[in-house]
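# Fold and contact review
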Amino acid sequence: MGAMPTTGAARRAVFAMLIVGAACSRPTPRTAASDAATLHAAVQRVTDVIVYDIFSPPQAARVYAYASIAAYEAMRPGHPGRATLGGRLRDLGALPAPPEGVDWPMAGVHAYLAVATPLTFSQDRVKATKDSMDRVFRAAGVNGATADRTVAWAEQVAQHVLAWAKADGYLATRGASKFTIRDEPGRWIPTPPAYMDAVEPNWGRIRPFVLDSASQFRPVAPFAFDTSRSSPYMRQVLEARDVGRSLTAEQRAIAAFWDCNPYVMNVQGHTMFATKKISPGGHWMGIAALAARKAGADIMSSADAYVHVAVALADGFLAAWEEKYRSARIRPETVINKYVDEQWTPLLQTPPFPEYPSGHSVISGAAATALTHVFGEGFAFADSSEIGYGLPVRSFTSFQQAADEASISRLYGGIHYRQALDEGLKSGRQVGAAVAARLPSGRAVAQAGATSTVGR
């Protein structure tokens, strides 16, 4: 069921094949599939860099969103049925008109990487990929004048998107105050083993892409902190404790598959070291790629899918983080150790930010709703996104089933209460529906065997 699994090594091999092909003297025959493959390779390369740079989950989603928007807009004029995102995304003004004679797939891939470059730390890695991809297209027959025009157009789109990104409030949050640790019942405090400061406490102030505000789909208030055994709050604390004590092998596998902690601290004696992993957003961008390949989507339809998912992720993180730091809810590990069982430990390492709502639940509900809008209900797929991190393929009958599993995985992992999962999914699906209603979309349709066109 689903597309053939693609491991991290296999994805790198595909990228290497593209680059080797670019070194050949003869033009490489182009098809819709080969053009789409270049975009998928570019997105995967940015994911690799995000993992290497250890971006927080909200930061990673911001990169994916702006880069995906640039790719879509750089190609959109060559596809008359596609509407611009200008005027549909908050404060994104009309983009300039392109010149005649643009190679649209080359423009999309170049624009994606041109925007991602300054938004990452390891800029040289992304720039090297951009230059390599340009050579891929030139080797495939994009002549000098057309290639030069295309690159100039893609850079124009990229600069337009980057200027828009610069005004989203992100830079102001870099100098904003940190989360204040106070000794208040129920208030979040740092957790073991690293006792890291709270991550991105001001993220909810950043401009949304589609939402009216980060609080538009705010979940209901979490249960009042009350450690009496019969309280609604304490009942869910005890549930988290009990679930963690009796995990099945399948529940452990589910928790591991959706862990997606980009910076896990490992302790061996007096030594502490980090393990880098894919972010939750990177996992869902990988699912978008898998779905596009299975659907046989051409490069424009693939770019459309990436935009829907990336914008849903970005606004989902805004919604989740706004509530996280508004309610500042303490994590299960802290409460259980203090009031129930000082020896209890969660299966997964507790992330360094407040508990309510579950960020995984919010962004998974948002991404699944956006993907369903693009690819339809009941889209079965085999998720191989985590193979590169030593985890097996898991199969799903729909995007929503995957979102449900991602959500419950956080209870199995011992890092969330059930209310955070249920309310997070509701909020995320509202975010995803808002994205689907605002963004133009055509269902991802294969154009197998079609050749890329040049011009307007």
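Relevant structure appears above.
Residues numbered from 1 in each chain as written. Predicted model: local features only at pLDDT ≥ 70, side-chain atom pairs only at ≥ 80, totals over all residues. Heavy atoms only, no water.

Next up on the list: the packing of aromatic side chains. What characterises a pair of aromatic rings is the spacing of the ring centres plus the angle enclosed by the ring planes. In total, this model carries 20 aromatic pairs according to the counting rule given. Aromatic pair Tyr 170 and Trp 203: ring centres 5.9 Å apart, planes at 75°, arrangement edge-to-face. Of the two residues, Tyr 170 sits in helix α7 (residues 170–174) while Trp 203 sits in the loop between α7 and α8 (232–245), which places them 33 residues apart along the sequence. Across the pair, Trp 203 and Tyr 170 agree in class, each one buried. The interplanar angle of 10° and the centroid separation of 5.3 Å between the aromatic rings of Phe 379 and Phe 399 together place this pair among those described as stacked. Placement of the pair is Phe 379 in the loop between α13 (359–375) and β3 (381–383) and Phe 399 in helix α14 (residues 399–412), with a sequence separation of 20 residues. With a relative accessible area of 1%, Phe 399 lands in the buried category. (Phe/Tyr/Trp six-rings, centres within 6.5 Å; stacked < 30°, edge-to-face > 60°. Helix = DSSP H or I, 4+ residues; strand = E, 2+ residues; numbered from the N terminus. Buried < 20%, exposed > 50% of the residue type's maximum accessible area, 1.4 Å probe, protein only.)

Okay, the side chain of Ser 56 next. When you line up the elements, Ser 56 lands in the loop between α2 (32–53) and α3 (57–75). Residue classification places Ser 56 among the buried residues on the basis of a relative accessible area of 10%. Among all residues touching Ser 56, those that are not within four sequence positions of it are Val 199 and Glu 200. (Contact = heavy atoms within 4.5 Å.)

Within the secondary structure, Thr 47 sits in helix α2. Thr 47 sits in the buried class, given a relative accessible area of 4%. As a C-alpha pair, Thr 47 and Gly 286 span 239 residues in sequence and 8.9 Å in three-dimensional space. Dropping the residues within four chain positions of it, Thr 47 is found in contact with Tyr 64 and Ile 278. Polar side-chain contacts of Thr 47 include one of 2.6 Å to the side chain of Tyr 64. (Polar contact = N/O pair within 3.5 Å; in protein donor to acceptor, adjacent residues only side chain to side chain.)

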